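Structure at a glance
One-letter residues, chain by chain:
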Amino acid sequence: MKPLELAALGTQARWLRWRGLPLPLLVLLLSLALTLGFWHSEQQREQAVQRRAFDAGLRDICERIEQRMAAHQHLLQGLQGFLSAHPAADADDFKSYVDALPLGADFAGLRGLAVARPLPGGAVQVGQLEPAQARHAALLGLDLWAQPVLRQALLQARESGRMALSAKLDLAQLAMGSEAGFVLALPVYRGGRMPAQPADRRAALLAWVLAPVAAADLMASLYGDQADALALEIYDGQEPDEAQLLYRRQLAGLHAARQASEFLVMGGHTWTVWLAAGPDFAARHGADYAPNVLRAGLVLSCLLALLAWLLGTARERAQILAERMTRALRESEQRWAFAVEGAGDGVWDWHLPDDSLACSARWKALMGLSLGQAEPKIGELWARIHPEDLERVRSEAQACLDGQTAQFSVEYRVSGPGGSWNWVLSRGTVVERDGQQQALRMIGTLSDINARRLSEERVRFMALHDPLTELANRAHFGERMRFALAHARRYQESIGLILLDLDRFKPVNDQFGHAVGDQLLQTVARRIKAAVRETDTVGRIGGDEFVVLLTGPLSRESAQGVTDKIFNLVAQPMELSGLRVEITCSLGLALFPEDGLDELSLSKSADEAMYRSKRAGRPWLRDGRPSATPPPASAAPQPKPPAAADGDGLTAP
Amino acid sequence: MRGRAVGAMSGGGRRTAMRVAICLAGLCIAMAGRAGDAPASADRPACSRPFSLALHDHGLLYSADSATGIDKDVADELQRRSGCKFHIALLPRARIWQLIESGALDFSLSGISTPQREQFAAFAWYFSNKYQLLLRRDAGVTRIEDFERRPQLQLGVIRGFRYSESANRLVDRLAEQQRLTQSSGLSALFDALAAGRIQAMIIEPFDLPTVSLARIREQTQIVEFGDPPVPHGLIMSRASLGEAEQARWRALVEAMRRDGSLLRIFQKYFRPEQAQALVALP
């Protein structure tokens, strides 16, 4: 391919790339927009789902705490009712009551139920704690009123008549081991009813029922569904202060944006519940869908854009490909045409269904057609082929079409200018067949082999003929002789053999030179040929020796007539390079089968007849030497008739 | 005989007869009044079992500290008129709605409707009120729109509460931005507002006594949502009360409105014109 064409193709490809971009780019942008839109929507949905789940988690934990505190309240209310109903109940009654309570896992943080009574002087002392444990014995001697946190709760309970929740305290303050906790307190009034006036309440107060609770154990029993996905902190009051921390469940890698707090108002006291989403929270609520949507959307967008590009540029790319292939094909054709035409061959393409022929200019020239002539039908070509070759050509072509031969190759003659015939070699092969193996198309070349054929013929001619006189040489004549004898024997025909020897040729050659001698021989040869029929064969078998083979209907008389005619013609004066020369010859005639039955015997008979003739006389001489001056025709000596093989030898005068 | 007998009455007897007549008339009026207090027995709710009713601690509606409030009075009046026994409990509002939905709780008070609540609760309206935004002055905003635009400002709400249309919209938007601080009780919100942990909360007329406390009043301002008054009513669980039963309770509440009982209850806690405005349903 030429550099310019390469550059043009490159430019076209670059242009195609840019030209094909808007649609895929549009598709890509649209897909990306849809992807981003869907992703955004999905993210919003996921955020909403997570937000709802997180809010539900916060609500759930708050409700669990409230309900657990309510359960504790019910315990205390039961105890309150028991003490109100049985003011005279002793320690055993109290123990029996508490023992009867189902204080199982639902009250995991509860360290017992106590009853505290106000003592004269203002102190408040725990009278009994059940279930009793030795390690809690120290609690029984404590003055609860002396501890501000507990005093506040007791006071609040006494004044409101409802359950009061203490602030955070270390349970060590109640001799219960060091851990964060709180105390629930409920007043018990004499008569079971809360007096309306505060002063009356103080007077009517019989005791408090208390429930010390360890916060960590309480919360452990509230283990929720999402405990491992949510971090939890509970503070006493609204201040998220470490000193007020009641409970903490930590998680690594908290979601900074997903945290919230809620105030729990219980027993006249406020807790702050702080909740934060852990790393597993989002995944647990389908947060991995939106990123997958984005990833899949990006991949699909790119694929879609690629598909759009492929579809959008398919026509152009196919066109470019077709152009490239066409160009390559054209170049290939040009190369082959150049090669074929350069070799002097023509190309033909025979389309059999419509019998049309496509051919190159060289083919037309070889076929003797003009360049401007329309491409001929195959039938028109047959008329241009030599009649002797036509059948062979058609036969070879048919064999190839029928598949009997793979290649069609035949040499034949076509009509040339001026009525000449030119040899050509046509080669071809069938390149396309139908389902029934019928040939549809055949292509081939046509080569000019005229020169080769002429050369071959010339070589063959030279091998069989005398180069000087172009008469059959000894070998060729012998072959013809043998053929004629065989034919004559088969059909009982006669043949005649005439031997001819020029009389006194050597002096002519010596005196006038070889050129004149050669001209003389050529003239004699022509005259001999002129004297015989076309079917007869004339040969030169020696320097001045000629032979004639007479075939066809023949009699001794007619053969003798031919002999005489030769003698007379040869004896005619001839102009050779400005010289007038006359020469005679000696002839001997032998006939088959009378004078011999084979080549040898015939030759011998003819030879003997010739020598008899030669002995009988000499050709024309002037002063006993060959004449160099053309004598007047009238002065020319009259030749004598040649001798026959029957013993009448012929001799020149 | 009758004429004579009448005509034969002495002046003292005539006075006595007149006093008897007046007494009879008074008795009739009293009986008529009694009939107005309670619906006919056919319309009275069937007290087939003790009912559960929950109050929530919310300012003048009910104060756990004083064990008094509008809702408590309404509940008492409902008990008195229906003759049914109520088990009254104090619960967080969110818990109340859950129990109403499940049917574990029959009644609550001062509830407002939402499409979601209509699925599981029926209402008997007896007052309406507007909502307002109680906004800290140091929040730097004076309009609700500005409050919404400032991402650092937090709104305190009681879990389970819904409000008027604009207030609900604000709450929902802030919820999406995680700018809500929930609480199970009103007192904690006032504390948080006073401490600056939240910058605003939504209030009702029942919260005004707390709002008027100096620690709140001095730091805050009230911004109107501009929504019409929202009806409040007796909440009835559809899961535990049939349609007919609901209708009887609704009639009972309506009777309380008609005869002025509700107005009188509200007048215990509000000035007359305020009370009148509250019980005047739209």
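Report follows, based on the coordinates. Bear in mind that the values here come from a model prediction, so they are computed numbers and not experimental data.

Residue and element names in this part refer to chain B. Side-chain alternation along strand E8 (residues 200-203) places Ala-200 and Ile-202 on one buried face and Met-201 and Ile-203 on a second face that is also buried. Pairing analysis gives four bridges linking strand E5 (residues 132-136) to E8, with the strands arranged antiparallel. Bridge pairing in E8 places Gln-132 opposite Ile-203. Sheet topology note: the strand E6 (residues 155-158)/E8 ladder contains two bridges and is parallel. Residue pairing across strands places Gly-156 opposite Met-201, the latter belonging to E8.

The next point concerns the packing of helix H3 (residues 70-82) of chain B against helix H11 (residues 243-258) of chain B. Residue and element names in this part refer to chain B. In the contact formed by H3 and H11, the axes pass within 11 Å of each other and the chain directions differ by 110 degrees. The angle between H3 and H11 falls in the class roughly perpendicular. At the point where H3 passes H11, the crossing takes the right-handed sense. Taken together, the residues of H11 that come into contact with H3 (itself represented by Val-74, Glu-77, Leu-78, Arg-81 and Ser-82) are Trp-249, Leu-252, Val-253, Ala-255 and Met-256. Looking at side-chain class alone, the contact of H3 with H11 contains seven nonpolar, one polar and two charged residues.

This part covers the packing of aromatic side chains. Tallying each qualifying case throughout the model produces 21 aromatic pairs over all chains. Between Trp97(B) and Phe120(B) the ring centres are 6.2 Å apart and the planes differ by 75 degrees, which places this aromatic pair in the edge-to-face class. A residue pair is termed long-range when its members are at least 10 positions apart, and Trp97(B) in helix H4 (residues 93-102) and Phe120(B) in the loop between helix H5 (115-118) and strand E4 (121-129) qualify at 23 residues. On the basis of relative accessibility, which here comes to 7%, the residue Trp97(B) falls in the buried class. Geometrically, the ring pair formed by Phe107(B) and Trp249(B) is edge-to-face, given 4.8 Å between the ring centres and 65 degrees between the ring planes. Taken together, the positions of Phe107(B) in strand E3 (residues 107-111) and Trp249(B) in helix H11 put the pair 142 residues apart, joining distant regions of the chain. Grouping residues by exposure puts Phe107(B) and Trp249(B) together as buried. Here a set of aromatic residues connected by ring pairs shows up, and it is made of Tyr126(B), Phe127(B), Phe206(B), Phe266(B) and Phe270(B). A cation over an aromatic ring shows up here: Arg453(A) above the ring of Trp423(A), its NZ or CZ 3.5 Å from the ring centre. Between Arg179(B) and the ring centre of Phe147(B), over which it is positioned, the NZ or CZ distance is 5.7 Å.

Our next topic: the packing of helix H8 (residues 289-312) of chain A against helix H9 (residues 314-342) of chain A. All names here are of chain A. Two numbers describe how H8 lies on H9: the axes approach to 4 Å, and their chain directions differ by 50 degrees. In this view, H8 runs oblique relative to H9, as classed from their interaxial angle. Packed against H8, whose contacting residues are Trp-309, Leu-310, Leu-311 and Gly-312, the element H9 presents Ala-314, Glu-316 and Arg-317 at the interface.

About the thresholds
- Residues numbered from 1 in each chain as written.
- Chains lettered and ligands numbered in written order.
- Predicted model: local features only at pLDDT ≥ 70, side-chain atom pairs only at ≥ 80, totals over all residues.
- Heavy atoms only, no water.
- Buried < 20%, exposed > 50% of the residue type's maximum accessible area, 1.4 Å probe, protein only.
- Helix = DSSP H or I, 4+ residues; strand = E, 2+ residues; numbered from the N terminus.
- Pairing = 2+ DSSP bridges.
- Axes fitted to C-alpha atoms, helices over the stretch in contact; angles between N-to-C directions.
- Parallel < 35°, antiparallel > 145°, perpendicular 65-115°, else oblique.
- Left-handed = near helix turned anticlockwise from the far one by under 90°.
- Contact = heavy atoms within 4.5 Å.
- Nonpolar A, V, L, I, M, F, W, Y, C, P; charged D, E, K, R; others polar.
- Phe/Tyr/Trp six-rings, centres within 6.5 Å; stacked < 30°, edge-to-face > 60°.
- Lys NZ or Arg CZ within 6 Å of the ring centre and 35° of its normal.

In short, shape yes, function no, at least from these values alone.
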